[in-house]
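Spelled out, the chains give:
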Amino acid sequence: HILFIMLVYINGKFVPEEQATVSIFDHGFLYGDGVFEGIRAYNGRVFRLKEHVDRLFDSAKALDLDPGITRAEMAEIIKETLRQNNLKDAYIRPIITRGVGTMGLDPRHCANPSIICAASAWGAMYGDLYETGLTAVTVCVRRNPPDTLPPNIKSLNYLNNILGKIEANYKGGDEAIFLDRTGKLAEGSGDNIYLIKDGVLYTPPTINNLKGITRLVLLDICAKIGIRYEICELGLFDLYTADEVMVTGTAAEICAITKIDGRTIGTGVPGPVYKKLLASFQTETQNSGDAY
Ligand code: PMP
């Protein structure tokens, strides 16, 4: 068999994956001080490249982290990573960390950020679960409030998400659903959440969750194919009494949730609105994006 060795971009050059290492004094490692993106390429084109690079740089800006390269340069690094690895359908992970510093947390001691980009072939995240729908559980741990570590910063600190995921694993859920501190619906551990009631799609505002790029794709699709949507605060009642529930994310793409906290959602199978949105989403991913 052919062994595929990934080439990873790290601080100006491409190196084989086993050489793609950072110092233990990199503050991304020591403190989670850094930002990242998850991007997909479909059919030789990067899906929503500009949006992802913009969010990466906005997250960096929110952490007062100067990447030291331009957005255009970052976009080119992402494309070159795909070319170097001969990938057509892939998942891409750019990372910007504060860089190497001292043991203390003060970012002023870090001279240069670390710029990293890895990519690998990756298909559907949930496999057969796209047919049956996911089993989800609401978790006790709440989404961290925006006045602490804002969920809109896609930072290397994903511990809040991981705590929810651990809880979901113990409770037998494929995905965790987070509520915020006041019991309002926030998001999944790595995706935004929606419900359908009487033909209308509802989703929470992006205050206590990440401004998902797939979320905007989905809302655009709704507008285009004539599905009315409302952005509003939602709670457990809305979730349990919904006709359909679904999540979106770059990794998850679009996936139905058919069971929450042991309760059957709607008819218990991925519903008609989900199927319509999925079809349009697949058309969009296959037919748009930046060629490389
Ligand atoms: N919320 C969280 C916490 C995420 O990690 C992700 C994945 N980036 C999303 C939502 C979905 O965002 P996007 O559609 O931009 O991938």
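Note: the structure precedes this text.
Reading guide: rules and limits
- Residues numbered from 1 in each chain as written.
- Predicted model: local features only at pLDDT ≥ 70, side-chain atom pairs only at ≥ 80, totals over all residues.
- Heavy atoms only, no water.
- Helix = DSSP H or I, 4+ residues; strand = E, 2+ residues; numbered from the N terminus.
- Rg over C-alpha atoms; globule rule 2.2 N^0.38 Å.
- Buried < 20%, exposed > 50% of the residue type's maximum accessible area, 1.4 Å probe, protein only.
- Areas by Shrake-Rupley, 256 points an atom, 1.4 Å probe, with all protein chains shown as cover.
- Lys, Arg positive; Asp, Glu negative; His and termini not counted.
- Charge placed at Lys NZ, Arg CZ, Asp CG, Glu CD.
- Core = buried A, V, L, I, M, F, W, Y, C linked by side-chain atoms within 4.5 Å.
- Contact = heavy atoms within 4.5 Å.
- Axes fitted to C-alpha atoms, helices over the stretch in contact; angles between N-to-C directions.
- Parallel < 35°, antiparallel > 145°, perpendicular 65-115°, else oblique.
- Left-handed = near helix turned anticlockwise from the far one by under 90°.
- Nonpolar A, V, L, I, M, F, W, Y, C, P; charged D, E, K, R; others polar.
- Near = heavy atom within 4 Å.
- Polar contact = N/O pair within 3.5 Å; in protein donor to acceptor, adjacent residues only side chain to side chain.

**Observations concerning the overall build of the protein chain**
Part 1 of the argument: Within the protein chain, the secondary structure is distributed over 8 helices and 17 strands.
Part 2 of the argument: Computed over its C-alpha atoms, the radius of gyration of the protein chain comes to 19 Å, within 12% of the 19 Å expected for a compact globule of 292 residues.
Part 3 of the argument: Once the C-alpha set of the protein chain is aligned to its principal axes, its extents read approximately 55 × 40 × 35 Å.
Part 4 of the argument: Of all 292 residues assigned to the protein chain, the portion counted as buried reaches 51%.
Part 5 of the argument: Summed over all atoms, the accessible surface of the protein chain reaches about 13800 Å², with 56% contributed by carbon and sulfur.
Part 6 of the argument: Taken together, the 30 basic and 35 acidic charged side chains of the protein chain have centroids lying 2 Å from each other.

**Concerning the nonpolar core**
Part 1 of the argument: Judged by nonpolar contacts, the single largest core of 39 residues is most densely connected at Leu-201, Val-245, Ile-257 and Leu-277.
Part 2 of the argument: Elements with a contribution of two residues or more to this core: strand E8 (134-138), strand E9 (175-179), strand E11 (192-197), strand E12 (200-203), helix H6 (213-225), strand E14 (244-249), strand E15 (253-260) and helix H8 (272-287).
Part 3 of the argument: In this structure Val-245 touches Ile-193, Tyr-194, Leu-195, Leu-239, Ala-256, Ile-257, Ile-260 and Ile-265, once residues within four positions along its chain are discounted.
Part 4 of the argument: The next biggest cluster of nonpolar side chains, apart from the first, holds 24 residues, and it includes Val-46, Met-74, Ala-75 and Leu-82.

**A short note on the packing of H6 against H8**
Part 1 of the argument: In contact at an axis separation of 10 Å, H6 and H8 are set at 110 degrees when each is read in the N-to-C sense. With respect to their mutual orientation, H6 and H8 come out roughly perpendicular. Between H6 and H8 the crossing geometry is right-handed. The residues of H8 that touch H6, namely those facing Thr-214, Val-217, Leu-218, Ile-221, Cys-222, Lys-224 and Ile-225, are Lys-276, Leu-277, Ser-280, Phe-281 and Glu-284.
Part 2 of the argument: Residues belonging to the contact of H6 with H8 are distributed by class as follows: 7 nonpolar, 2 polar and 3 charged.

**A closer look at the site of the ligand**
Part 1 of the argument: Neighbouring the ligand are 17 residues, the closest being Tyr-158, Glu-187, Ile-213, Thr-214 and Thr-250.
Part 2 of the argument: At a separation of 2.5 Å, an oxygen atom of the ligand approaches a polar side-chain atom of Tyr-158.
Part 3 of the argument: At 2.6 Å, a side-chain N or O of Thr-250 approaches an oxygen atom of the ligand.
Part 4 of the argument: Relative to its unbound accessible area of 390 Å², the ligand is 95% covered by the protein chains.
Part 5 of the argument: Elements supplying a minimum of two residues to the shell around the ligand: H6 and E14.
Part 6 of the argument: Grouping the constituent residues of the shell around the ligand by class yields 3 nonpolar, 9 polar and 5 charged.

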